[in-house]
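Structure at a glance
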Amino acid sequence: MRGIFIVLEGPDGSGKSTMAKKIGEYFAEKGREIEFTREPGGTKISEKIRELILDNNNTEMNHRTEALLYAAARAQLVTEKIIPWLEQGKIVISERFVYSSLVYQGIGRGLGVEEVKSINNFATAKLLPDMVLFLDVNPEKGLKRKLNIDGGDRLENESIGFHKQVYDGYKELTRICPEIKTINAERTIDEIFNDIKNIIISI
C-alpha cells in the first residue's frame, strides 16, 4: 500500500494541530500507520533550525536568511523522515509545507513567490503532497487565539499587516493551485472535520 502525504496549511491559530490529530485518528481506525510532523521541525536538525527562526530575540534576521533556513529545515525533514515514511506505505500528516514559505516569505516578506519556490524545489527534490487542506480563518481571529495560548513566536508577533498579507497570499494560492482544498475553519471542530472527512474519504 503506497503512502499518502497530507499537508495542513493556514494562518497562525487556524487549528492545524487539532485537525491533524483528527485526521490521524480517522486513518488509524482504518488500520493505516500514521506519522505526524510539523514545520519548521520534525527532525533533530530541523528542530534546532526552528529554534533559530522563531526565537523572538532574532529580530535582526534577514528575510533571505529566514527563507533559506526554512528551506534547510524542510530539506532535512523530507530526506530523513517524509520520503522514508511514504516508501513504507504510511500516511504522513504535516502541519505546513512549501506553501507556507510561498506566502510567509514569498509574499509576506516580499521575496517573490517564484524565488522562494525555486529554493524549495531544490530543498524537497520537488516532492509534492497528495492533498493540501487550507484551514481558512480570519487572520486576526486566528492570531488572537494563538497569542492567548503561548504569547507567540517571532513570526506570530509580526504586525497584523504582515499576517493579512500572508492570508491574502493563501487565498491567491488557492486560486492557482488546484490541489489545495479550502475548509471554513471558523466553525466547531466537528463541523470542520466533517468537511475534511468528506474530502479524504476517497483516499
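Figured I'd write up the structure that's included with this text. From a predicted model like this one, the values you see are computed outputs, not experimental measurements.

1. Here's the deal with the layout of surface pockets
There is about 700 Å³ of room inside the largest pocket. Lining of the largest pocket is provided by 33 residues; of these, Asp12, Gly13, Lys16, Lys146 and Glu156 occupy positions nearest its centre. Listed by contribution, the elements that provide at least two residues to the lining of the largest pocket are α1 (16–29), α2 (44–54), α3 (63–87), α4 (98–108), α6 (139–150) and α8 (189–200). Within the lining of the largest pocket, the residues separate by chemical class into 10 nonpolar, nine polar and 14 charged. As for the second largest pocket, its lining consists of 15 residues, of which Tyr99, Leu102, Lys117, Leu128 and Glu179 are closest to the centre.

2. Re the nonpolar core
The biggest cluster of nonpolar side chains holds 35 residues, and the ones touching the most others in it are Phe5, Ile82 and Phe97. Elements represented by at least two residues in this core include exactly β1 (4–9), α2, α3, α4, β4 (131–136) and α7 (160–176). For isoleucine 82, the contacting residues outside a window of four places in its chain are Phe5, Leu77, Val92, Phe97 and Leu127. Of all hydrophobic cores here, the second largest spans 21 residues; its members include Ile4, Leu8, Tyr26 and Ile93.

3. A short note on unusual backbone geometry
Here the amide bond leading from glutamate 39 into proline 40 is cis, since omega sits at -15 degrees, within 30 degrees of zero. With respect to the element layout, proline 40 can be found in the loop between β2 (34–38) and α2. Notably, alanine 125 is not glycine yet its phi reads approximately 55 degrees, a positive angle. Tracing the sequence through the fold places alanine 125 in the loop between α5 (113–124) and β4. For lysine 126, which is not a glycine, the phi torsion comes out positive at approximately 65 degrees. Topologically, lysine 126 is positioned in the loop between α5 and β4. Judged by its relative accessible area of 58%, lysine 126 falls in the exposed class.

Rules used throughout
Residues numbered from 1 in each chain as written. Predicted model: local features only at pLDDT ≥ 70, side-chain atom pairs only at ≥ 80, totals over all residues. Heavy atoms only, no water. 1 Å grid on protein atoms, 1.4 Å probe; cavity = no way out; pocket = protein on both sides within 12 Å on 5 of 7 lines; lining within 4 Å. Points joined across faces, edges and corners; volume = space filled by probe spheres on them. Helix = DSSP H or I, 4+ residues; strand = E, 2+ residues; numbered from the N terminus. Nonpolar A, V, L, I, M, F, W, Y, C, P; charged D, E, K, R; others polar. Core = buried A, V, L, I, M, F, W, Y, C linked by side-chain atoms within 4.5 Å. Buried < 20%, exposed > 50% of the residue type's maximum accessible area, 1.4 Å probe, protein only. Contact = heavy atoms within 4.5 Å.

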